[in-house]
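Close look at the chain arrangement
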Amino acid sequence: QVQLVESGGGLVQAGGSLRLSCAASGRTFSASGMGWFRQAPGKEREFVAAIRWSGGTTYYADFVKGRFTISRDNAKNTVYLQMNSLKPEDTAVYYCALDLVIVVTNWHAEDNTLYDYWGQGTQVSVSS
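Every chain is numbered on its own, with residues counted from 1 as its sequence reads. Per-residue local features are limited, in this predicted model, to residues with pLDDT of at least 70; the limit for side-chain atom pairs, both in listing and counting, is 80 or more; totals at the level of whole chains, interfaces and linings are taken over all residues. Excluding hydrogens and water, the side-chain values take into account all heavy atoms of the structure.

Let's shift gears to the nonpolar core. The term nonpolar core refers to a set of buried residues drawn from Ala, Val, Leu, Ile, Met, Phe, Trp, Tyr and Cys, joined through side-chain atoms within 4.5 Å. Throughout, exposure labels follow a simple rule: accessible area from a 1.4 Å probe, protein chains only, divided by the maximum for the residue type, with under 20% read as buried, over 50% as exposed, and the rest as partly exposed. Trp36, Leu81, Met83 and Tyr94 are the most contacted members of the largest nonpolar core, which totals 37 residues. When contributions to this core are tallied by element, the ones reaching two or more residues are β3 (18-25), β4 (33-39), β5 (46-52), β7 (68-73), β8 (78-83), β9 (92-99) and β11 (122-127). When sequence neighbours within four positions are dropped, the list of residues in contact with Leu81 reads Leu18, Arg19, Leu20, Trp36, Val48, Ala49, Phe68, Thr69, Ile70 and Tyr94. Strands are runs of DSSP state E lasting at least 2 residues, helices are runs of H or I lasting at least 4, and numbering of each runs from the N terminus. Contact criterion: two residues are considered in contact whenever any of their non-hydrogen atoms come within 4.5 Å of each other.

Shown next as structure tokens:
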């Protein structure tokens, strides 16, 4: 059974940094893609970033480009989201998600309906 366990959320001042981790277990992920999404109170869940497990191609929402970096550690089956220059509007619950078998030639990483498994979420709060 696939499990995704997130960690690393917390409270930080504007301009600060946090690193989120998502540890995956239960199978091999060479054909998979991992994504990070977030949901703020009263808002819909939105795409933040994603990475192909094989090859490491990355994808970002425009509002995080240059501030957030997604990466993976194949040996640990863990995906990271390094968040720098945080803003109050980044406050949300952040979720990692796993698309078990991606469409290699045309993966719509931003489409949350493609993801098969979700983590429990971790709160990120940025104070002004």
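On to the side chain of Ser32. Structurally, Ser32 is set in the loop between β3 and β4. Counting of polar contacts relies on pairs of N or O atoms within 3.5 Å, with two restrictions inside protein: one atom must be capable of donating a hydrogen and the other of accepting it, and residues adjacent in sequence are counted only when both atoms are side-chain atoms. Of note is the side chain of Ser32, whose polar atom sits 2.5 Å from the backbone oxygen of Leu100. Discounting chain neighbours no more than four positions away, the residues touching Ser32 are Arg52, Trp53, Ser54, Leu98, Asp99, Leu100 and Ile102.

Aromatic ring pairs are reported here in terms of the distance separating the ring centres and the angle at which the planes meet. Two rings from Phe, Tyr or Trp (for Trp, the six-membered ring) form a pair when their centres are within 6.5 Å of each other. A pair whose planes differ by under 30 degrees is stacked, one over 60 is edge-to-face, and the rest are tilted. Under the definition given, this model contains seven aromatic pairs. Ring centres of Phe37 and Trp118 lie 5.1 Å apart, and the angle between their planes is 55 degrees; on these two criteria the pair is classed as tilted. Separated by 81 residues along the polypeptide, Phe37 in strand β4 and Trp118 in strand β10 (residues 117-118) bring together distant segments of the chain. By way of ring pairs, the aromatic residues Phe37, Phe47, Tyr59, Trp107, Tyr115 and Trp118 are connected into one cluster.

This part covers the pattern of salt bridges. Here, a salt bridge means any Lys or Arg side-chain nitrogen found within 4 Å of an Asp or Glu carboxyl oxygen. Counting across every chain of the model gives four salt bridges. Here Arg38 ties to Glu46 by a salt bridge, and the two come within 2.7 Å at their closest N and O atoms. Ionic pairing is found between Lys65 and Asp62, a salt bridge with its closest N-O pair at 3.2 Å. What emerges from the salt-bridge pattern is a single network uniting Arg38, Glu46, Arg67 and Asp90.

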